[in-house]
Amino acid sequence: MELASYSDFAVRLVNTEEPARNKDALTSVEVVRELFGASTQMARRATDSDVTRFRSVRARLRAVFEAADTGDERTAVDLLNSLLLEFPVSPQISGHDYLDDEGRPDWHMHLADHPSNATAGYAAIAAMGLAFHLTTYGADRLGLCQAAPCRNAYLDTSTNRSRRYCSDRCATRANVAAYRARKRLESERSASTGRAQESAQDAR
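This one's a predicted model, so the numbers in the text were calculated from it and none came from an experiment. (Residues numbered from 1 in each chain as written. Predicted model: local features only at pLDDT ≥ 70, side-chain atom pairs only at ≥ 80, totals over all residues. Heavy atoms only, no water.)

J.: Now, about a nonpolar patch on the surface: what can you tell me, with residues and values included?
T.: Judged by side-chain polarity, Ile-93, Trp-107 and Met-109 come together as a nonpolar surface patch covering roughly 370 Å² of accessible area. The exposure class assigned to Ile-93 is exposed, which follows from its relative accessible area of 63%. (Patch = residues over 30% accessible without salt bridge, like charges linked within 9 Å, V, L, I, M, F, W, Y side chains within 5 Å. Areas by Shrake-Rupley, 256 points an atom, 1.4 Å probe, with all protein chains shown as cover. Salt bridge = Lys/Arg side-chain N within 4 Å of Asp/Glu carboxyl O. Buried < 20%, exposed > 50% of the residue type's maximum accessible area, 1.4 Å probe, protein only.)

J.: Describe in detail empty space enclosed by the protein, supporting the description with residues and values.
T.: Scanning all chains against the criterion turns up two cavities of 30 Å³ or more. Roughly 40 Å³ of internal volume is contained in the second largest cavity. In terms of lining residues, the second largest cavity is bounded by Glu-17, Glu-18, Pro-19, Ala-20, Arg-21, Arg-62, Pro-149, Cys-150, Arg-151 and Asn-152. Looking at the lining of the second largest cavity, its residues break down into four nonpolar, one polar and five charged. (1 Å grid on protein atoms, 1.4 Å probe; cavity = no way out; pocket = protein on both sides within 12 Å on 5 of 7 lines; lining within 4 Å. Points joined across faces, edges and corners; volume = space filled by probe spheres on them. Nonpolar A, V, L, I, M, F, W, Y, C, P; charged D, E, K, R; others polar.)

J.: Outline unusual backbone geometry, supporting the account with residue identities and numerical values.
T.: At the junction of Ala-148 and Pro-149, the peptide bond is cis and its omega measures out at 5 degrees in the coordinates. Take Pro-149: it is sitting in the loop between strand E5 (142-144) and strand E6 (153-155). The backbone of Asn-22 sits at a positive phi, close to 55 degrees, despite the residue not being glycine. One non-glycine residue, Arg-161, lies in the positive phi region at around 55 degrees. (Helix = DSSP H or I, 4+ residues; strand = E, 2+ residues; numbered from the N terminus.)

J.: If you had to explain the pattern of salt bridges to someone new, which residues and values would you point to?
T.: This structure, assessed with the given rule, holds ten salt bridges. In this structure, Arg-58 engages Glu-17 in a salt bridge whose closest nitrogen and oxygen atoms are separated by 3.5 Å. One end of the pair, Arg-58, is in helix H4 (residues 49-69); the other, Glu-17, is in strand E1 (residues 17-18), and 41 residues separate them in sequence. Residue classification places Arg-58 among the buried positions, given a relative accessible area of 4%. On the basis of relative accessibility, which here comes to 23%, the residue Glu-17 falls in the partly exposed class. Residues Arg-141 and Asp-156 are paired through a salt bridge, measuring 3.6 Å at the closest nitrogen-oxygen approach. Taken as a pair, Arg-141 in the loop between helix H6 (118-137) and E5 and Asp-156 in the loop between E6 and helix H7 (168-203) lie far apart in primary sequence, 15 residues in all.

J.: Explain the side chain of Asn-152 to me, using residue names and the numbers behind them.
T.: Following the sequence through the fold, Asn-152 ends up in the loop between E5 and E6. Here Asn-152 falls in the buried class, since its relative accessible area comes to 17%.

J.: Break down H4 for me, with residues and values.
T.: Relative to the 30 Å expected for 21 residues at 1.5 Å per residue, H4 spans 31 Å between its end C-alpha atoms, a close match to the ideal helical length. Along H4, the positions that sit buried rather than exposed are Asp-50, Val-51, Phe-54, Val-57, Arg-58, Leu-61, Arg-62, Val-64, Phe-65, Ala-67 and Ala-68. The first or second residue beyond H4 is Gly-71, which carries a positive phi of 85 degrees. (Expected span 1.5 Å × (residues − 1).)

J.: Tell me about the packing of aromatic side chains, and please be specific about residues and values.
T.: This structure, assessed with the given rule, holds five aromatic pairs. Where Phe-36 meets Tyr-122, the ring centres are 5.0 Å apart and the plane angle is 90 degrees; that geometry is what we call edge-to-face. A residue pair is termed long-range when its members are at least 10 positions apart, and Phe-36 in the loop between helix H2 (29-35) and helix H3 (40-44) and Tyr-122 in helix H6 qualify at 86 residues. Taken as a pair, Phe-36 and Tyr-122 share a single burial class, namely buried. Through successive ring pairs, a cluster of aromatic residues spans Tyr-6, Phe-9, Phe-36, Phe-54 and Tyr-122. The residue whose ring lies beneath Arg-12 is Phe-9, and the NZ or CZ to ring-centre distance is 4.5 Å. (Phe/Tyr/Trp six-rings, centres within 6.5 Å; stacked < 30°, edge-to-face > 60°. Lys NZ or Arg CZ within 6 Å of the ring centre and 35° of its normal.)

J.: Describe H6, listing the residues and the values that go with them.
T.: Its 20 residues give H6 an end-to-end C-alpha distance of 28 Å, which sits within 8% of 28 Å, the value for a rise of 1.5 Å per residue. Taking burial as the measure, the 20 residues of H6 include 15 buried ones, the bulk of the element. Just downstream of H6, Gly-138 is the residue with a positive phi angle, here 110 degrees.

J.: So, the nonpolar core: which residues are in play, and what are the values?
T.: By size, the foremost hydrophobic cluster in this structure holds 44 residues, and its most contacted members are Phe-36, Leu-61, Phe-65 and Leu-130. Counting only elements with at least two residues in this core, the list comes to helix H1 (7-14), H2, H3, H4, helix H5 (73-86), H6, E5 and E6. Looking at which element gives the most residues to this core, the answer is H6, with eleven residues. Beyond its immediate chain neighbours, meaning those up to four positions away, Leu-61 contacts Ala-10, Leu-13, Val-14, Leu-83, Ala-126 and Leu-130. Core analysis: the next-biggest nonpolar cluster, separate from the first, contains seven residues, Ala-147, Tyr-154, Cys-166 and Ala-174 among them. (Core = buried A, V, L, I, M, F, W, Y, C linked by side-chain atoms within 4.5 Å. Contact = heavy atoms within 4.5 Å.)

Honestly, that's just the spatial picture; any functional story needs more than this.
The structure is reproduced here in structure tokens:
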């Protein structure tokens, strides 16, 4: 696994909650284990106690996205640095026993499993991945979906820094809502103009 992919750990965890809808999917140790994806060794260490700890880390990661989304880069970095200090990483060079066309391992940086508990391991990976993304692409590449009431986190990888929604579904929903709002405004203006013309005619 490459460092860039670790940022997805942060997004997956943050998006287990929908504050505006008062929904929280992080309700069991099974959900915690699913968040690890292919990292099954770390997932097996998860216990019921990790549910509460994961929620705490989730709130702190969301705060990073919220600060970045409002343009407060320094706060985003300070919050992320706090996580990095509390949950340090142990980098290793890994090849995963995969060989390239010339028979050599595909060497790349990998973060070693955290020895203490599942939450510490996940938090270390998520914070490091987010830090890598922020320092490589900029804090403005961390965003929260603009399609109300959705406030899911996303990582903007577009070439022109134009992403505003977490998914195509939310983008479509926002565009439809904007279209309907424009049509409603046009209708109201047309009706207002009609009433004004009628009043003018009555006054003659």
